[in-house]
Amino acid sequence: MRYRNLIFLLTFILGGILSWLLVNDMAKQDRDRKTVKDISTPKKINSVQPKSNRKDSQIDLSDLSNALQAIPGERIVQFSSKESYQDFLKKLGNSRVRLLGKIDQLYALRLGFDKLSDLDGLELDPDDLAFNYPVFIPSAPPIEDQGGVVGFDRTALEYLGISVDNSTWGHGVTIAVVDTGIEPHLALNKSILSINLAELEDGVSPHSHGTSVASLIAGNHPNLMGVAPGADLISIRVADQNGSSSSFLLAQGIMEASLNGAQIINISMGSNHNSPIINNAIQFAIENGAVIVASPGNDGLSEAASPARHPDVISVGAVDALGQHLNFSHTDENLSASAPGLQITAAYPGDKITEFSGTSASAPFFSGAIAAVMSESNSPISAQEAVDILLATTNEAGAPGADAVYGNGILDVGRAINRNTAGITDLAVAAHQYILPSENQDNPGLQISVENRGTEAVWGSTLAVSIDGGQYPVQMNVLQPNERKVITLPIGFSQFEQEGLLEVQSTITLSGNQADMKESNNQRTEQITHPKNGL
């Protein structure tokens, strides 16, 4: 017993220090944003049996490492049946353990205690207990660490291929923003259902993060339009004034979103830890018809934060206005796509605007795009069907096909909306990369990805590649709509090895009887850096 008390004491002290440091880091975010100026005015729910922690998420409560990173003095317990859940609630009142929250549909409770031994008399199965981990909005990204990037300002919608009046896009679609709450704003003047699950300190204002996220989804002011201004929003506050939350609160927010009819759930926040309760909430929401979109994080790691790392969640990385991957954006084998994430104009409480960066921005662009595709389709489609359309019409970037850096490619809302519009001719030079000779690579050389982003087949185009002082024409056969083709040229190896980089220019030219509707993407010029340079 002394050993358990010692573990608890160390957990409480060190966990408190860690939490204090993390909360103070989050509190810096509003100061990291630049407020620009004021805007001038011109169904039935299916029940889901919770997955047992015993299957894949057992947690050893003696694991001091996990305990130090969890919220001290708290546990989450999930019961396997309604009867055991209700029986426990009856006897909880006679214990020293405090009930901090409950999710009836998942038979889940959030418990607080002063001493770990307070749990002893409750006859809990250790396999039903889990830590409650901190969840945060992503930290402000270190933009200055990457040279040559270009921000979006007010051009993000144009970059996404939205060139028409989109003021009604999203009509009839409900989107939940599970975040820090949505504050009143001129650009968010529709009626918004607000559900507040996180307590704020007396006299403090909510964090601005949720308001900024919401404006990218459904802003409807002439100076601040979102992707789907016609959508209905649900504001679910799960984070406090510092942007901090927990596994339980996030799971509770997902559940509330689903129970209140959200078809799309946007989560621009995350945790370093997988949590059984979040996974069960995700399962509940998906089985009841919702899709979940999440930001992978802003720390440049090679794994997305939770819940973006969940295989059934749409995770969206960040690119700049040149389509370049932003180094702060987490990479992940399950990354779904990429979207704008640098210096984007967004709403700020008090009818102001701010410069918003990070994967917190890229996720809501995708959420809004789902709603837009749903509302603008000729016949009713589900949110998941809209996701499939968007992923099938992304613009190729990086390595051919899906990859950990760009996912399936860069979001193109206009291309998805116009997918059934005949007469669109648009070939693009999508990407370059160099494959070095190796034992496992039998086709080394310069790879050029060409993509048909239109709705018409294109015949007889010519790809001209300029490298190392030479010109290399390639005759293309037919490219069907949405087809991606990779041409590999075994050239430039000597220069690549000697100089460590290659300057490559590729130009696609259509045959004489065809006109490209977007000539700006017919040519691509870039420097490819040798891996030995460490870049």
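Throughout what follows, the structure given in this document is the object of discussion.

The rules behind these values
Residues numbered from 1 in each chain as written. Predicted model: local features only at pLDDT ≥ 70, side-chain atom pairs only at ≥ 80, totals over all residues. Heavy atoms only, no water. Helix = DSSP H or I, 4+ residues; strand = E, 2+ residues; numbered from the N terminus. Expected span 1.5 Å × (residues − 1). Buried < 20%, exposed > 50% of the residue type's maximum accessible area, 1.4 Å probe, protein only. Salt bridge = Lys/Arg side-chain N within 4 Å of Asp/Glu carboxyl O. Pairing = 2+ DSSP bridges. Contact = heavy atoms within 4.5 Å. Axes fitted to C-alpha atoms, helices over the stretch in contact; angles between N-to-C directions. Core = buried A, V, L, I, M, F, W, Y, C linked by side-chain atoms within 4.5 Å. Polar contact = N/O pair within 3.5 Å; in protein donor to acceptor, adjacent residues only side chain to side chain. Parallel < 35°, antiparallel > 145°, perpendicular 65-115°, else oblique. Phe/Tyr/Trp six-rings, centres within 6.5 Å; stacked < 30°, edge-to-face > 60°.

**Observations regarding helix α10 (residues 359-376)**
Since there are 3.6 residues in each turn of an α-helix, residues three or four apart along the chain are aligned in direction.
Right, so step 1: If you check α10, its first and last C-alpha atoms are 26 Å apart, about what 18 residues at 1.5 Å a residue would give, namely 26 Å.
Right, so step 2: In terms of burial, α10 is a largely internal element, 16 of the 18 residues being buried.

**Describing the pattern of salt bridges**
Right, so step 1: Using the criterion set out here, one finds 11 salt bridges in the structure.
Right, so step 2: Here K190 and D232 are joined by a salt bridge, their closest N and O atoms 3.1 Å apart. You can see K190 sitting in the loop between β7 (174-179) and β8 (193-196) and its partner D232 sitting in strand β11 (residues 232-237), a full 42 residues away along the chain.
Right, so step 3: A residue is classified by how much of its surface remains accessible, and K190, at 34% relative accessible area, is partly exposed.
Right, so step 4: A salt bridge links E451 to R484, with the shortest nitrogen-to-oxygen separation between them at 2.7 Å. Highlighted residues: E451 in strand β20 (residues 445-452) and R484 in strand β23 (residues 484-489), separated in sequence by 33 residues.
Right, so step 5: A relative accessible area of 0% places E451 in the buried class.
Right, so step 6: Looking at R484, the relative accessible area reads 30%, which means it is partly exposed.
Right, so step 7: A single salt-bridge network, built from bridges that share partners, covers E396, R415, E451, R453 and R484.

**What to know about the sheet that holds strand β5 (residues 129-130)**
Right, so step 1: Reading across from one edge, β3-β4-β2-β5 is the order of the four strands in this open sheet, with antiparallel pairing throughout. Edge strands, defined here as strands with exactly one partner in the open sheet, are β3 (98-103) and β5.
Right, so step 2: Two elements, strand β2 (residues 74-78) and β5, share two bridges in a ladder whose sense is antiparallel. Residue V77 lies in a different strand from β5, and its bridge partner there is L129.
Right, so step 3: Running over the sheet, helix α5 (residues 82-92) touches β3 and β4 (108-112) and is turned about 25° from β4.
Right, so step 4: Across the sheet, helix α9 (residues 276-287) touches β2, β3 and β4, and the angle it forms with β2 is around 45°.

**Some thoughts on the nonpolar core**
Right, so step 1: Residues I264, F365 and I370 are the most contacted members of the largest nonpolar core, which totals 50 residues.
Right, so step 2: If you tally residues by element for this core, the top one is α10, at 10 residues.
Right, so step 3: Not counting the four nearest positions on each side in its chain, I370 is found in contact with I264, V291, V293, A383, A386, V387 and L390.
Right, so step 4: Ranked by size, the runner-up nonpolar core spans 37 residues in total, among them I195, L249, A281 and A304.

**Quick word on the sheet that holds β20**
Right, so step 1: Strand order across the open sheet formed by three strands is β19-β20-β23, with antiparallel pairing between neighbours. The open sheet is flanked by β19 (427-435) and β23, the only strands paired with a single partner. Within this sheet the neighbouring strands show an average axis-to-axis angle of 20°, counted without direction.
Right, so step 2: Looking at chain direction, β19 and β20 are connected through eight bridges and run antiparallel.

**Some details on the side chain of H330**
Right, so step 1: Tracing the sequence through the fold places H330 in the loop between β15 (314-319) and β16 (337-340).
Right, so step 2: Residue classification places H330 among the buried residues on the basis of a relative accessible area of 2%.
Right, so step 3: Reaching out from H330, the side chain makes a polar contact with the backbone nitrogen of D299 at a distance of 3.0 Å.
Right, so step 4: Polar contacts involving the side chain of H330 include one to the main-chain carbonyl oxygen of E303, which spans 2.9 Å.
Right, so step 5: Excluding residues within four positions of it along the chain, H330 makes contact with P296, G297, N298, D299, G300, L301, E303, A304, A305 and L335.

**A word on the packing of α10 against helix α11 (residues 383-392)**
Right, so step 1: Orientation of α10 relative to α11, taken along the N-to-C sense of each, is 110°, at an axis distance of 9 Å. Between α10 and α11, the crossing angle belongs to the class labelled roughly perpendicular. Here α10 contributes F366, A369, I370, V373 and M374 to the contact with α11, which in turn contributes A383, A386, V387, I389, L390 and L391.

**Concerning the pairing of strand β17 (residues 344-348)**
Right, so step 1: Here β17 lies mainly inside the structure; five of its five residues are buried.
Right, so step 2: Across five bridges, the pairing between β17 and strand β18 (residues 352-356) is antiparallel. Counterpart to A347 in the pairing with β18 is I353.
Right, so step 3: Hairpin connection from β17 to β18: three residues lie between these consecutive antiparallel strands, with G350 at a positive phi of about 90°.

**Some remarks on the packing of aromatic side chains**
Right, so step 1: The tally for this structure, following the rule as stated, stands at six aromatic pairs.
Right, so step 2: Each ring, one from F152 and one from Y159, has its centre 5.1 Å from the other, and the planes form 80°; the classification is edge-to-face.
Right, so step 3: Residue F152 is classed as buried on the basis of its relative accessible area of 1%.
Right, so step 4: Grouping aromatic residues by their ring pairs yields a cluster made of F79, Y85, F88 and Y107.

**Description of unusual backbone geometry**
Right, so step 1: With an omega dihedral of 15°, the bond running from S306 to P307 counts as a cis peptide bond.
Right, so step 2: Inspection of the secondary structure assignment puts P307 in the loop between β14 (291-294) and β15.
Right, so step 3: Here the phi dihedral of Y107 falls at roughly 55°; this positive angle occurs in a residue that is not glycine.
Right, so step 4: The phi dihedral of E123 is positive, around 55°, even though this residue is not glycine.
Right, so step 5: Along the chain, the position of E123 falls in the loop between β4 and β5.

Interpretation note: all reported values are geometric properties and have no functional meaning in isolation.
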